[in-house]
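Reading the structure
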Amino acid sequence: MPALRLRGKILWQSPASVGDSPYVVKPSPSGKDTLVRPLKNPTWVQGDFLIENGRIYQVPATGSADVEGWILPGLVDVHCHIGIKMGGFATGAEMLEQARENHRSGTLLVRDCGSPNDNSHVANHPDTLRLVRAGRHLAKPKRYIQGSALELATDAQLPAAMVAQARAGDGWVKLVGDWIDRSDGTSSDLKPLWDRQALADGVAAVHEIGGRVTVHTFARATIDSLLAAQVDCIEHGTGMSAEQINEAARLGIAITPTLLQVGLFNQFAAAAGKKYPVYAEHMLALQAGHKRVLENFVDSGVRLLPGTDAGGFQPHGQLPAEMLRWKEMGFSNQQIIDMTTWQARDYLGFASLSEGAVADLVVYERNPVEDLSILATPKFVHLGQVSDESA
Ligand SMILES: [Zn+2]
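Just so it is clear, the model here is predicted, and its values are computed rather than measured.

What counts and how
- Residues numbered from 1 in each chain as written.
- Predicted model: local features only at pLDDT ≥ 70, side-chain atom pairs only at ≥ 80, totals over all residues.
- Helix = DSSP H or I, 4+ residues; strand = E, 2+ residues; numbered from the N terminus.
- Rg over C-alpha atoms; globule rule 2.2 N^0.38 Å.
- Buried ≥ 20, exposed ≤ 12 C-beta atoms within 10 Å, placed from the backbone.
- Contact = placed C-beta atoms within 7 Å.
- Pairing = 2+ DSSP bridges.
- Axes fitted to C-alpha atoms, helices over the stretch in contact; angles between N-to-C directions.
- Expected span 1.5 Å × (residues − 1).
- Arc of directions from axis to C-beta.
- Left-handed = near helix turned anticlockwise from the far one by under 90°.
- Nonpolar A, V, L, I, M, F, W, Y, C, P; charged D, E, K, R; others polar.
- Domains from an automatic or database assignment.

Another aspect to go through is the overall build of the protein chain. A count of helical and extended segments in the protein chain gives twelve helices and 19 strands. The C-alpha atoms of the protein chain give a radius of gyration of 21 Å, which matches the 21 Å a tight globule of 391 residues would have. Oriented by its inertia axes, the alpha-carbon framework of the protein chain measures out at about 70 × 45 × 40 Å. By residue count, 50% of the 391 residues in the protein chain fall in the buried class. Partitioning the contacts of the protein chain with sequence separation of at least 6, the portion at a separation of at least 24 is 68%.

Right, here's the structure in full:
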């Protein structure tokens, strides 16, 4: 690959002399691009940059540039399902196309949040993305999208199954924390799946081998046992009370608020219809209360992660649209950019743009800090292809 010259303003990280990130994690088994040295928070830097052998370097400005614009580290979607499509499961070729859709949107790092089939083949191609896999969802029989999860008959099976999935993927485990329990006829509602002790044992076992756990949850009744077990991350969290959110913040538990997905709760309620009126009411109430929950997320200072829930009901490549929705939480454009680029990369253990870093970046025609909507139309997307793997 010939060297490529970029010119413009870049969200750039310089090596720090002191300090460390609290979010640096051990390298994932497949991730070679982990943060290896403490860095200062990125700032916008004007200049010329060279991409050579997949890595980026700041260089003196001479001659012409191949690409000019506003340059961000690759965007991150921590809640994406490569392998799930509307109404079913994707083939290997369809998974590759899903990864490409994310790439075209500037999303270059994905924590796959559960997939029924191995999707590792989509990672690291020039037109795809970096992938951190969570293996398969863990649920109980009839308590998740049919055929999607590994279904455990008993709570006692949970800890060993969690460890197995942490090992099968890249260290992350995805639990279904609550789901409609259709065994209760017309009074069926969202209910927690797991026994409190089994959850605590499972999380401890995963932490023991250096893995992390995230949990799908809509309902308030699920949350206390997740906090007690000290899971690492909560998906959706629509039922969380202010007290529970404050406790999550205190414990360092991150939350993925998935605003686009919660926007569909009225559709889920309508689909449940008259057959499950209690569940339908519950979903509508969660949607109606979501504004308040989001306010509490912001007030608590809990760490928020960007996620679209792409796969089942959301198309892939919607992260720029999710980022626009985050303005509803009162964040500035710069805060949203920080949270969905370098901060989320840091959380997953991946470097951002700094001298010699792998050149995973997106270029925009206009300044995204002034107009976040430009994120929907990147002018250039680049996933660094490093042949020598030495850091
Ligand atoms: Zn999901």
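Picking up after the structure, the text goes on.
One open sheet accounts for three strands, arranged β5-β8-β9; its pairing is parallel. Every interior strand has two partners, whereas the edge strands, β5 (75–80) and β9 (130–133), have only one. The sheet shows a mean angle of 20° between the axes of neighbouring strands, direction not considered. Strand contacts of helix α1 (residues 92–104): β5 and β8 (107–112), with the helix running at about 130° to β8, the strand carrying the most contacts.

Before going further, it helps to examine helix α8 (residues 277–288). Compared with the 16 Å implied by 1.5 Å per residue over twelve residues, the 16 Å span of α8 between its first and last C-alpha is a close match. Of the residues making up α8, those classed as buried are Tyr-279, Ala-280, His-282, Met-283 and Leu-286. Within α8, the buried residues cover an arc of 160° as seen down the axis, which keeps them to one side.

Packing of helix α5 (residues 242–251) against helix α9 (residues 290–300) brings their axes to within 9 Å, and their N-to-C directions diverge by 35°. Crossing hand, α5 versus α9: right-handed. Touching Ala-242, Ile-245, Asn-246 and Ala-249 of α5 are Asn-296, Phe-297 and Ser-300, all from α9. A class-by-class count of the residues in the contact of α5 with α9 yields four nonpolar, three polar and no charged.

The two faces of the sheet receive side chains in turn, since in a regular strand these alternate between them. Summarising the sheet, strand β2 (residues 43–52) and strand β3 (residues 55–59) pair through five bridges and their orientation is antiparallel. In the sheet register, Ile-51 faces β3, and the bridge partner there is Ile-56. In sequence, β2 turns back onto β3 through a hairpin of two residues, with Asn-53 there showing a positive phi of about 50°.

In this section: the environment of Arg-366. Relative to the elements of secondary structure, Arg-366 occurs in the loop between β18 (361–364) and β19 (380–382). When the C-alpha atoms of Arg-366 and Gly-237 are compared, they prove to be 34 Å apart, with 129 residues separating the residues in sequence. If near-sequence neighbours (up to four positions away) are discounted, Arg-366 is found in contact with Trp-70, Asp-371 and Ile-374.

This part takes up the domain arrangement of the protein chain. Looking at the assigned domains, one finds that the protein chain contains domain 1 (4–73 + 348–382) and domain 2 (75–343). The gap between the C-alpha centroids of domain 1 and domain 2 is 28 Å. Grouping the constituent residues of the side of domain 1 that touches domain 2 by class yields 15 nonpolar, six polar and three charged.

If you trace the backbone, Asn-333 turns up in helix α11 (residues 333–340). Overall, the presence of 19 C-beta atoms within 10 Å leaves Asn-333 in the partly exposed class. In sequence terms Asn-333 and Ser-373 are 40 residues apart; their C-alpha atoms lie 9.9 Å from each other. Once you skip the residues sitting within four places of it in the chain, Asn-333 turns out to touch Pro-368, Val-369 and Leu-372.

This next bit is on the environment of Ala-351. With respect to the helices, strands and loops of the structure, Ala-351 is situated in the loop between α12 (342–348) and β18. In the structure, Ala-351 is positioned 281 residues away from Trp-70 in sequence and 19 Å away in space, judged by C-alpha atoms.

Here the focus is the pairing of strand β4 (residues 67–73). In terms of burial, β4 is largely enclosed, as five of its seven residues are buried. Judged from the four bridges that link them, β4 and β18 form a sheet pairing that is antiparallel. Looking at β18, one finds that Trp-70 is bridged to Tyr-364.

For α9, every residue scored as buried is listed here: Val-293, Leu-294, Phe-297 and Ser-300. Along the long axis of α9, the arc covered by the buried residues comes to 130°, so they all point the same way. The exposed set on the far side of α9, more than 90 degrees from its buried face, consists of Lys-291, Arg-292 and Asp-299. Here the buried face of α9 lies against α5 and β17 (254–256).

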